[in-house]
Amino acid sequence: MSENISQHVSHCILCGKCLQACPLLRATGREELGPRSKSDLCRVLAEDPDKLSETDAAKLAGLCLGCGRCREVCPQGQDVPGLVAGLRAAHPGFKSWLWKTWLTRARMLWSPSSKAAGLVPELFHTERLGPMLKMLAGMSGGPGLAPFMTPKSFPDTYRGEKLLLFAGCTANFVQGRWLMAALRLLDGLGAEVLPGDFTCCGSGLKGAGFADRSAAMAERNVAVWREAGRPRIAVFCATCLAGLRAYDCFESDGERSRWVDSLLPLSETMRGMEFVISDNVPERLGYHHPCHAGADDPDRDFLREALGDRLVAVTDKQCCGFGGVMRLAAPGLTEPVNRQCWEALRGADTVLSGCSACLAQLSATAPQGVAVGHWLETIG
Ligand code: SF4
Ligand code: SF4
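Residues numbered from 1 in each chain as written. Chains lettered and ligands numbered in written order. Predicted model: local features only at pLDDT ≥ 70, side-chain atom pairs only at ≥ 80, totals over all residues. Heavy atoms only, no water.

- Looking up the chain in an unreviewed UniProt entry gives the name Anaerobic glycerol-3-phosphate dehydrogenase subunit C, with the organism given as Pseudodesulfovibrio hydrargyri.

Laid out in structure tokens, this is it:
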């Protein structure tokens with residue numbers, strides 16, 4: 001256990017910078033759930049595993065959204081979600097098992113089950129299955145948004161370029177319309193999409209403590225890229241992009257840099273493009289900034305540029321509350337996080353985002369009359 005954890009423990013100086021960044025702490029006011037407490041407990045655990053009971057360690061492993069906001073601001077490079085993933089690896093209880101099954105074996109079932117889940121009455125949702133069913137229902141995202149932005153013209157920047165498209169599991173198995181919209185866009189840009197049999201990015205499994213399984217996925221995806229001649233890879237899910245950027249299975253540092261440079265957020269291809277906005281544009285648009293997008297969010301920048309004043313609400317520090325394993329371990333604690341997110345989006349009648357996990361969570365929890373969709377759905 002201590003080996004899994006100690007590889008992530010750096011020297012916490014108790015500066016408290018992570019406290020303001022943690023959406024779980026902000027929403028619950030409980031400092032024991034914050035990154036500094038987790039970091040401290042994990043340090044104790046790494047030094048002397050007997051100091052924390054098995055039950056307490058397993059409980060701690062469940063109580064983190066894995067959003068990575070604390071890691072972004074820590075001057076010591078403390079990787080709290082990495083610590084928690086180590087704890088999860090050491091305590092694979094039913095929640096992690098369920099999460100792993102969900103991520104690896106149920107993907108083929110996502111499409112039918114996401115529709116079926118919406119039909120199960122709330123009354124029959126058990127405490128344990130409720131969050132899973134809600135999330136499944138949210139994944140299908142209903143009928144989708146009607147497109148309202150048409151490119152006036154395409155730049156020549158990508159014309160003739162051969163590139164790969166990393167669509168991610170949600171687009172591949174449930175949201176085929178995102179995949180089609182991305183392909184249409186790349187076609188308009190004149191890019192040639194190479195065949196590439198990518199598997200899951202592995203981010204969800206890594207956060208849940210299944211490092212070996214996640215590493216195997218990384219190896220496979222890097223092999224696909226090498227076989228294709230190391231071209232650029234267009235990506236349109238913020239969590240997939242963050243997971244791909246964090247891969248650590250390269251022949252050399254040079255190859256790693258080349259991999260990171262090859263990752264191309266799809267929205268970046270549209271910077272500077274002009275759009276015709278049709279009459280069906282929603283009156284008040286909101287944008288949810290995914291935690292995994294980090295401080296520089298190309299989707300947000302693209303939408304600000306394209307939509308201007310039509311974008312009336314944009315989240316900044318708020319997490320959607322999706323939370324991976326925590327969604328199963330402590331759904332009650334993810335709810336205040338989700339509420340704060342919706343408060344920041346108040347006034348929007350349509351909310352856009354660019355992360356499949358955030359979109360599943362926001363679709364499942366949207367207030368009455370508020371539509372949720374990927375920004376790709378807005379482009380016709
Ligand atoms: S920001 Fe980093 S160094 Fe500062 S308290 Fe948090 S974990 Fe410790
Ligand atoms: S990963 Fe997110 S929820 Fe977990 S401790 Fe860090 S900021 Fe808080």
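Some points on the overall build of the chain
Then, in step 1: Looking only at helices and strands, the chain features 20 helices and 10 strands.
Then, in step 2: Across the 380 residues in the chain, those meeting the buried criterion constitute 53%.
Then, in step 3: Counting every atom, the chain has about 17,000 Å² of accessible surface; 51% of that belongs to carbon and sulfur. (Helix = DSSP H or I, 4+ residues; strand = E, 2+ residues; numbered from the N terminus. Buried < 20%, exposed > 50% of the residue type's maximum accessible area, 1.4 Å probe, protein only. Areas by Shrake-Rupley, 256 points an atom, 1.4 Å probe, with all protein chains shown as cover.)

Regarding the packing of helix 19 (residues 331-344) against helix 20 (residues 356-365)
Then, in step 1: Two elements in contact, helix 19 and helix 20, have axes whose closest approach is 11 Å; the angle formed by their N-to-C orientations is 85 degrees. For the element pair helix 19 / helix 20, the angle class is roughly perpendicular. Contact residues: helix 19 offers Asn338, Cys341 and Trp342, while helix 20 offers Gln361, Leu362 and Thr365.
Then, in step 2: For the contact of helix 19 with helix 20, the residue count by class is 3 nonpolar, 3 polar and no charged. (Axes fitted to C-alpha atoms, helices over the stretch in contact; angles between N-to-C directions. Parallel < 35°, antiparallel > 145°, perpendicular 65-115°, else oblique. Contact = heavy atoms within 4.5 Å. Nonpolar A, V, L, I, M, F, W, Y, C, P; charged D, E, K, R; others polar.)

Thoughts on the sheet that holds strand 4 (residues 233-235)
In a beta sheet, neighbouring strands pair by backbone hydrogen bonds and run either parallel or antiparallel.
Then, in step 1: In spatial order, the strands read 3-2-4-5; together these 4 strands make up an open sheet with parallel pairing. If you trace the sheet from one side to the other, it starts and ends with strand 3 (192-193) and strand 5 (263-265), each paired once.
Then, in step 2: Summarising the sheet, strand 2 (residues 162-166) and strand 3 pair through 2 bridges and their orientation is parallel. By the bridge assignment, Leu163 is partnered in strand 3 with Val193.
Then, in step 3: Sitting on the sheet, helix 16 (residues 253-262) is in contact with strand 4 and strand 5, with an inclination near 20 degrees to strand 5. (Pairing = 2+ DSSP bridges.)

Remarks on the side chain of Thr350
Then, in step 1: Among the secondary structure elements, Thr350 is positioned in strand 9 (residues 350-353).
Then, in step 2: Overall, the relative accessible area of 6% leaves Thr350 in the buried class.
Then, in step 3: Among the polar contacts listed, one links the side chain of Thr350 to the side chain of Asp349, at a separation of 3.3 Å. (Polar contact = N/O pair within 3.5 Å; in protein donor to acceptor, adjacent residues only side chain to side chain.)

A look at the site of ligand 2
Then, in step 1: As a matter of local geometry, ligand 2 sits amid Cys22, Pro23, Pro35, Lys38, Cys64, Leu65, Gly66, Cys67, Gly68, Cys70, Val80 and Pro81.
Then, in step 2: A molecule is said to occupy a pocket when more than half its atoms come within 2 Å of that pocket's grid points, and by this definition ligand 2 occupies the second largest cavity.
Then, in step 3: Only helix 4 (35-47) and helix 7 (80-90) provide two or more residues apiece to the shell around ligand 2.
Then, in step 4: Residues that form the shell around ligand 2 fall into these classes: 9 nonpolar, 2 polar and 1 charged. (Near = heavy atom within 4 Å. 1 Å grid on protein atoms, 1.4 Å probe; cavity = no way out; pocket = protein on both sides within 12 Å on 5 of 7 lines; lining within 4 Å. Sits in = over half its atoms within 2 Å of the grid points.)

What about the environment of Phe302?
Then, in step 1: Mapped onto the elements, Phe302 comes out in helix 17 (residues 298-307).
Then, in step 2: Overall, Phe302 belongs to the buried group, its relative accessible area being 1%.
Then, in step 3: If sequence neighbours within four positions are ignored, Phe302 has contacts with Met149, Ser267, Met270, Arg271, Phe275, Trp375 and Ile379.

Section: the site of ligand 1
Then, in step 1: In the region of ligand 1, the neighbouring residues are Cys12, Ile13, Leu14, Cys15, Gly16, Lys17, Cys18, Arg36, Cys74, Pro75, Gln76 and Gln78.
Then, in step 2: The cavity that encloses ligand 1 is the largest cavity.
Then, in step 3: Residue composition of the shell around ligand 1, by class: 7 nonpolar, 3 polar and 2 charged.

Topic: the sheet that holds strand 10 (residues 371-374)
Then, in step 1: Strand order in this open sheet of 4 strands is 8-7-9-10, and the pairing throughout is parallel. Of all the strands in the sheet, just strand 8 (311-314) and strand 10 have a single pairing partner and so form its edges. Strand-to-strand twist across the sheet, computed as the mean angle between neighbouring axes with direction ignored, equals 30 degrees.
Then, in step 2: Bridge analysis of strand 7 (residues 285-287) against strand 8 gives 3 bridges, and the strand direction is parallel. Residue Gly286 lies in a different strand from strand 8, and its bridge partner there is Ala313.
Then, in step 3: Of the strands in this sheet, strand 9 and strand 10 touch helix 20, which is tilted by about 170 degrees from strand 10.

Some points on helix 16
Then, in step 1: Listing the buried residues of helix 16 in full gives Glu255, Trp259 and Ser262. Across the axial projection of helix 16, the buried residues extend over an arc of 65 degrees, all falling on one side. Those residues of helix 16 that are exposed and aimed more than 90 degrees away from the buried face are Asp253 and Asp261.
Then, in step 2: Elements that come into contact with the buried residues of helix 16 comprise helix 14 (211-227), strand 4, helix 15 (238-245) and strand 5. (Arc of directions from axis to C-beta.)

Side note on the pattern of salt bridges
Then, in step 1: Tallied over the full model, the rule gives 17 salt bridges.
Then, in step 2: Salt-bridge contacts for Glu255 lead to Arg226; the nearest nitrogen and oxygen are separated by 2.7 Å. On the criterion of sequence distance, the pair formed by Glu255 in helix 16 and Arg226 in helix 14 is long-range, its members being 29 residues apart.
Then, in step 3: Assessed through its relative accessible area of 6%, Glu255 is described here as buried. (Salt bridge = Lys/Arg side-chain N within 4 Å of Asp/Glu carboxyl O.)

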